[in-house]
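Survey of secondary and tertiary structure
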Amino acid sequence: MALALGGAVQHALAAERLMQTWHPWQMDSLLVVWALTQVPRAQPLVVESVVRGTPIPPEQAIDTPESPYRRNGRRTAFEEAVRQTGVSHPCIPRLHEAVRVVELASWRKPEYPAVEAFEARLRRLIPSQPMRGGVDAALEEVEKYCREGK
């Protein structure tokens, strides 16, 4: 019986797409998750943060050195996810501006009060410790920011 149950658990885990990042969550990594949720998929997307330095398989990694969705000399991890997945959404330009200000030009945040407020709201909602899931409220805040418009 234990073998059958173990097999059922493994099958259930295989039915989901696990993505991981190192804790703590950053705006960039959270927006990668948002972009990935905009892509239609057969498997549910499950995310978790793990202790910094924990090995993560590249195909599961978000915003780590081995991740396909990582910051490089030209783009943030979010921009790389949008580029690689081809996701299209009317909010992408607004999120692009926000993530570039926060991640690449933080000294300019006072020039963008809406971005600064958005970042503060996200920081209150993201998990405070490594864990599976826990980002639904933060993703809803991204959706709210998108609905606010410019």
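Residues numbered from 1 in each chain as written. Predicted model: local features only at pLDDT ≥ 70, side-chain atom pairs only at ≥ 80, totals over all residues. Heavy atoms only, no water.

1. Remarks on the overall build of the chain
What counts is decided by this rule: A run of H or I in DSSP counts as a helix once it spans at least four residues, and a run of E counts as a strand once it spans at least two, with each numbered from the N terminus. Exposed residues in this analysis have more than 50% of their type's maximum accessible area, buried residues have under 20%, and partly exposed residues fall in between, with area computed by a 1.4 Å probe over protein chains only. Only heavy atoms enter the contact rule, under which two residues are in contact if any of them lie within 4.5 Å.
For the chain, the count of helices and strands is six helices and two strands. Listing every helix and strand of the chain by position from the N terminus yields α-β-α-β-α-α-α-α. When each of the 150 residues of the chain is scored for burial, the buried share is 41%. Look at the contacts in the chain between residues 6 or more apart in sequence, and 67% of them connect residues 24 or more apart.

2. Let's talk about the packing of aromatic side chains
How we decide: Between rings of Phe, Tyr and Trp, where Trp is taken as its six-membered ring, a pair exists when centres lie within 6.5 Å; planes separated by under 30 degrees are stacked, by over 60 edge-to-face, and by other angles tilted. Sitting over a ring, as applied to charges here, requires NZ of Lys or CZ of Arg to be within 6 Å of the ring centre and within 35 degrees of the ring normal.
All chains considered together, the criterion is met by two aromatic pairs. Arranged with centres 6.4 Å apart and planes meeting at 50°, the rings of W34 and F78 form a pair that is tilted. A residue pair is termed long-range when its members are at least 10 positions apart, and W34 in helix α2 (residues 27-37) and F78 in helix α3 (residues 77-85) qualify at 44 residues. Taking relative accessible area as the criterion, F78 reaches 1% and is therefore assigned buried. An angle of 5° between the planes, with centres 3.8 Å apart, marks the rings of F118 and Y145 as stacked. In this pair, F118 sits in helix α5 (residues 113-125) while Y145 sits in helix α6 (residues 136-148), placing the two residues 27 residues apart along the sequence. Neither F118 nor Y145 differs from the other in exposure class; each is buried. Directly above the aromatic system of Y145 lies the positively charged group of R94, at a separation of 3.7 Å from the ring centroid.

3. Comments concerning the side chain of T21
Positionally, T21 belongs in strand β1 (residues 17-22). Not counting chain neighbours up to four residues away, the residues in contact with T21 comprise S29, E48, S49, V50, I56, I62 and D63.

4. Quick word on the packing of α2 against helix α4 (residues 92-104)
The condition is simple: Axis angles are defined between N-to-C directions and span 0 to 180 degrees, where every axis is a line fitted to C-alpha atoms and, for a helix, only to the segment in contact. Geometric relationships in this document are graded by angle, where less than 35 degrees denotes roughly parallel, more than 145 denotes roughly antiparallel, 65 to 115 denotes roughly perpendicular, and other angles denote oblique. For a crossing to be left-handed, the near helix must be turned anticlockwise from the far one by less than a right angle; the clockwise case is right-handed.
For the pair α2 and α4, the least separation of the axes is 10 Å and the interaxial angle reads 160°. Regarding the angle of α2 to α4, the classification is roughly antiparallel. Judged by the sense of rotation from one axis to the other, the crossing of α2 with α4 is left-handed. Contacts between α2 and α4 pair M27, D28, L31 and W34 from the former with I92, L95, A98, V99, V102 and E103 from the latter.

5. Observations concerning the packing of α5 against α6
Threshold: Residue type decides the class: Asp, Glu, Lys and Arg count as charged, Ala, Val, Leu, Ile, Met, Phe, Trp, Tyr, Cys and Pro as nonpolar, and the leftover types, Gly among them, as polar.
Running from amino to carboxyl end, α5 crosses α6 at an angle of 160°, the nearest separation of the two axes being 8 Å. By the angle between their directions, the pair α5 and α6 is classed as roughly antiparallel. Relative to α6, α5 is oriented so that their crossing is right-handed. The residues of α6 that touch α5, namely those facing A114, V115, F118, R121, L122 and L125, are A137, A138, E141, V142, Y145 and E148. Grouping the constituent residues of the contact of α5 with α6 by class yields nine nonpolar, no polar and three charged.

6. Some details on the confidence of the model for the chain
What counts is decided by this rule: Per-residue confidence from the predictor is given as pLDDT, running between 0 and 100.
With 89% of its residues at a pLDDT of at least 70, the chain reaches an overall mean of 88. Below pLDDT 50 for its whole length, residues 1-13 participates in one contact with residues either more than four positions away or in separate chains.

7. Some points on the nonpolar core
Note on soluble globular proteins: their nonpolar side chains tend to be buried together. Rules: Here, nonpolar core refers to any group of buried Ala, Val, Leu, Ile, Met, Phe, Trp, Tyr and Cys residues whose side-chain atoms link them within 4.5 Å.
Counting 35 residues, the largest nonpolar core has M27, L30, W34, F78, L95, F118 and V142 as its most contacted members. For this core, the secondary structure elements donating two or more residues are α2, α3, α4, α5 and α6. Sort the elements by how many residues they give to this core and α2 lands first, with eight residues.

8. Focus on the state of the cysteines
Let me state the cut-off plainly: We call a pair of cysteine sulfur atoms a disulfide whenever their separation is within 2.5 Å.
Summed over the entire model, instances satisfying the criterion amount to one disulfide. Disulfide pairing places C91 opposite C146 at an S-S distance of 2.1 Å. Taking the torsion about the S-S bond as the criterion, the C91 to C146 disulfide, at about -85°, is left-handed. In this pair, C91 is assigned in the loop between α3 and α4 and C146 in helix α6, connecting sequence segments 55 residues apart. Take C91 and C146: they sit in the same class, and that class is buried.

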